[in-house]
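These are the residues of each chain, in order.
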There are 4 protein chains.
Amino acid sequence: MGVRLPGGQARRRRRLGRARPGPHLDRGPRVSRPTEDPACRALGITLEDLGPGRARLRMRITDAMVNLHGVAHGGYVFLLADAAFAYACNSRGPVTLAHSAQVTFVRPAAPGEDLLAEAEERVRYGRHGVYDVTVRRPGGEVVAEFRGQSVAVSGRPS
Amino acid sequence: MGVRLPGGQARRRRRLGRARPGPHLDRGPRVSRPTEDPACRALGITLEDLGPGRARLRMRITDAMVNLHGVAHGGYVFLLADAAFAYACNSRGPVTLAHSAQVTFVRPAAPGEDLLAEAEERVRYGRHGVYDVTVRRPGGEVVAEFRGQSVAVSGRPS
Amino acid sequence: MGVRLPGGQARRRRRLGRARPGPHLDRGPRVSRPTEDPACRALGITLEDLGPGRARLRMRITDAMVNLHGVAHGGYVFLLADAAFAYACNSRGPVTLAHSAQVTFVRPAAPGEDLLAEAEERVRYGRHGVYDVTVRRPGGEVVAEFRGQSVAVSGRPS
Amino acid sequence: MGVRLPGGQARRRRRLGRARPGPHLDRGPRVSRPTEDPACRALGITLEDLGPGRARLRMRITDAMVNLHGVAHGGYVFLLADAAFAYACNSRGPVTLAHSAQVTFVRPAAPGEDLLAEAEERVRYGRHGVYDVTVRRPGGEVVAEFRGQSVAVSGRPS
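This write-up is about the structure you can find in this document. Note that the structure is a prediction, hence the values are computed from the model and not measured.

This brings us to the pattern of salt bridges. One pass over the structure, following the stated rule, counts 56 salt bridges over all chains. A salt bridge links C:R58 to C:D114; its shortest N-O distance comes to 3.3 Å. Here C:R58 is found in strand β3 (residues 54–60), whereas its partner C:D114 is found in strand β5 (residues 114–125), with 56 residues between them in sequence. You can call C:D114 buried: its relative accessible area is 14%. A single salt-bridge network, built from bridges that share partners, covers A:R122, A:D132, A:E145, A:R147, C:R122, C:D132, C:E145 and C:R147.

Shown next as structure tokens:
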């Protein structure tokens, strides 16, 4: 990506680079906990599950997230999916960035609803990966289908 | 999209359906003004230009918009592009929704920076359209390239 | 799509519209058979499996399909995936077209290799659908990941 | 891409790596000439124009290229766009591959029609690039809009 991370981000990157080890990697209890990412935390997004190549995040649609049609702005639906993608593709160790992503908007979501985004690794090859994220309403109806392409920028390709 | 807009949104839809008529459609002064969309307004996004098939929006990256790498979360970069896409594809009259979108992340953006998203119609056919949005830093460097596919859900195809 | 099918295609469309009924819909023997589509047949593409929302096609990479790098042209890899997508999204009845598609090229394939494309429905909503297709080498290595967006243009939405 | 080019392709790669120098790089007469790529040549695709970051290719839709609907198979429309993308992104020197691509199918094309694909560089950054390709009928009507993401695998990033 030609990514030049700003100075002073070493600590954050290291935290990310450690692949979120310990109890929450695959073995831990599936309890909801706050996300570490400032953007996600500010939106109240919680991490419901995290494992090698996968992640599940939850976000409540607030009144501040609606568009002119009165439903969740597609940007916030994408943001939730993109955050799940980031957690999933960073779950294995090397710092990994989003190269690109594609989203199909399936159904609107309304303020007050909780959305769940579930990310799964589809394939990894060299430093690259492809991840699928489905965003659902609590009842299971699909709100959006997202596919992300990742690239690792540090550490050994795994 | 099988979109079922929630009840009570008639007023908002009508406002949108009117295609933002009047002085700001192509002829008006190119002054910055607040966006009407609640999500955009809450983020301080301003409308810098609006015309048939095009729109330009501005957003300042705040500390609450950064990811674990300390740069603008891709979700917010997408949101800005998606909002510009929505303004551009609704500029002609019929209520138009995003069917899908694709984004390529080119460079990171840092907190404090203003991003400009410029949307342009690429092609329209029947109820469908394709729009390109480039997100840039103030200096002109590209941060992201976005392409959106739209579908009109009301009014005559134009 | 604003699709205007050329005259004289009624017979073909009817054949397609009948959703390929009979023994090969889900119940039949999983034997390889020629495809009906002229482009696929001319390339020797065979149908290995077909069921509701899914299809599997096979294509041998010939010397006439290679690019300047001496590997399978991405266009042919896409064509195979797109054909599997078309079979899968037309498997349920109404004539269904590709609205758009996205492909990630994972590994090259060499002349003489047989590629297998496996299409699966991810979600349907109204007249729309999202399908995933994975293209693999005989050994199972992924060559490409494809996602297609469909839209039904005749019959009732199912 | 983890691309492992097969042995014995050195000559071909060198030819590509030379960026098609000489009279046809930007300065030459805009005459149609055969493509060097075996897949393109076998399909009768001709190169109409080539310059830094851009290319224009032409392909005639034959009866062997139609789908069950009797119109050009989307795979061939994509192939033509992908080939124009490859020419454009290799026009500057380093061997460059397609990382991924997205296509929106706008209108069908009929057998006997000539399609023109025009590729333009949208942005380059490091080893990466984004290219837009529009496929048109001779009359100028858009058949498909394509966007490709490239990555250079040899030589210096330019």
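Right, picking up where we left off after that structure.
With respect to the element layout, A:C40 can be found in helix α2 (residues 38–42). The spacing of A:C40 and A:L57 is 17 residues in sequence and 9.6 Å in space, taken between C-alpha atoms. If near-sequence neighbours (up to four positions away) are discounted, A:C40 is found in contact with A:T35, A:I45, A:A83 and B:H73.

Relative to the elements of secondary structure, A:V66 occurs in the loop between β3 (54–60) and α3 (74–89). Separated by 45 residues in the primary sequence, A:V66 and A:P111 place their C-alpha atoms 7.0 Å from one another. Apart from residues lying up to four places away in sequence, A:V66 is in contact with A:V71, A:A72, A:H73, A:P111, B:D37, B:P38 and B:A39.

For the rest of this paragraph, the subject is the packing of aromatic side chains. The geometry of an aromatic ring pair comes down to the distance between the two centres and the angle between the two planes. Across all of its chains, the model carries 16 aromatic pairs over all chains by this definition. For the pair A:F78 and B:F78, a centre-to-centre distance of 3.6 Å together with 0° between the ring planes defines the contact as stacked. Of the two residues, A:F78 sits in helix α3 while B:F78 sits in helix α3 (residues 74–89), which places them in two different chains. Residue classification places B:F78 among the buried positions, given a relative accessible area of 0%. Between the aromatic rings of A:F85 and A:F146, the centroid separation amounts to 5.6 Å while the plane-to-plane angle is 55°, which identifies the pairing as tilted. With a gap of 61 residues between them, A:F85 in helix α3 and A:F146 in strand β7 (residues 142–152) connect regions that are remote in the sequence.

Turning to the side chain of C:R107, a few remarks are in order. Looking at where C:R107 falls in the secondary structure, it is placed in the loop between β4 (96–105) and β5. Lacking a salt bridge, the buried C:R107 has C:E141 as its closest oppositely charged neighbour, with an N-O distance of 4.1 Å.

Our next topic: the packing of α3(A) against α3(B). At a closest axis distance of 8 Å, the pairing of α3(A) and α3(B) adopts a crossing angle of 155°. The angle between α3(A) and α3(B) falls in the class roughly antiparallel. The two elements α3(A) and α3(B) meet at a crossing, and its hand is right-handed. Across the interface between the two elements, A:G74, A:G75, A:Y76, A:F78, A:L79 and A:D82 from α3(A) touch B:G74, B:G75, B:Y76, B:F78, B:L79 and B:D82 from α3(B). Looking at the contact of α3(A) with α3(B), its residues break down into six nonpolar, four polar and two charged.

Along a regular strand, successive side chains alternate from one face of the sheet to the other. Residue and element names in this part refer to chain C. Summarising the sheet, β3 and β5 pair through seven bridges and their orientation is antiparallel. Opposite R54, over in β5, you have E120 as the bridge partner. Bridge count between β5 and strand β6 (residues 128–136): nine bridges; the pairing is antiparallel. Across the sheet, residue Y125 finds its bridge partner in β6, namely H128.

Conventions and cut-offs
Residues numbered from 1 in each chain as written. Chains lettered and ligands numbered in written order. Predicted model: local features only at pLDDT ≥ 70, side-chain atom pairs only at ≥ 80, totals over all residues. Heavy atoms only, no water. Salt bridge = Lys/Arg side-chain N within 4 Å of Asp/Glu carboxyl O. Helix = DSSP H or I, 4+ residues; strand = E, 2+ residues; numbered from the N terminus. Buried < 20%, exposed > 50% of the residue type's maximum accessible area, 1.4 Å probe, protein only. Contact = heavy atoms within 4.5 Å. Phe/Tyr/Trp six-rings, centres within 6.5 Å; stacked < 30°, edge-to-face > 60°. Lys, Arg positive; Asp, Glu negative; His and termini not counted. Axes fitted to C-alpha atoms, helices over the stretch in contact; angles between N-to-C directions. Parallel < 35°, antiparallel > 145°, perpendicular 65-115°, else oblique. Left-handed = near helix turned anticlockwise from the far one by under 90°. Nonpolar A, V, L, I, M, F, W, Y, C, P; charged D, E, K, R; others polar. Pairing = 2+ DSSP bridges.

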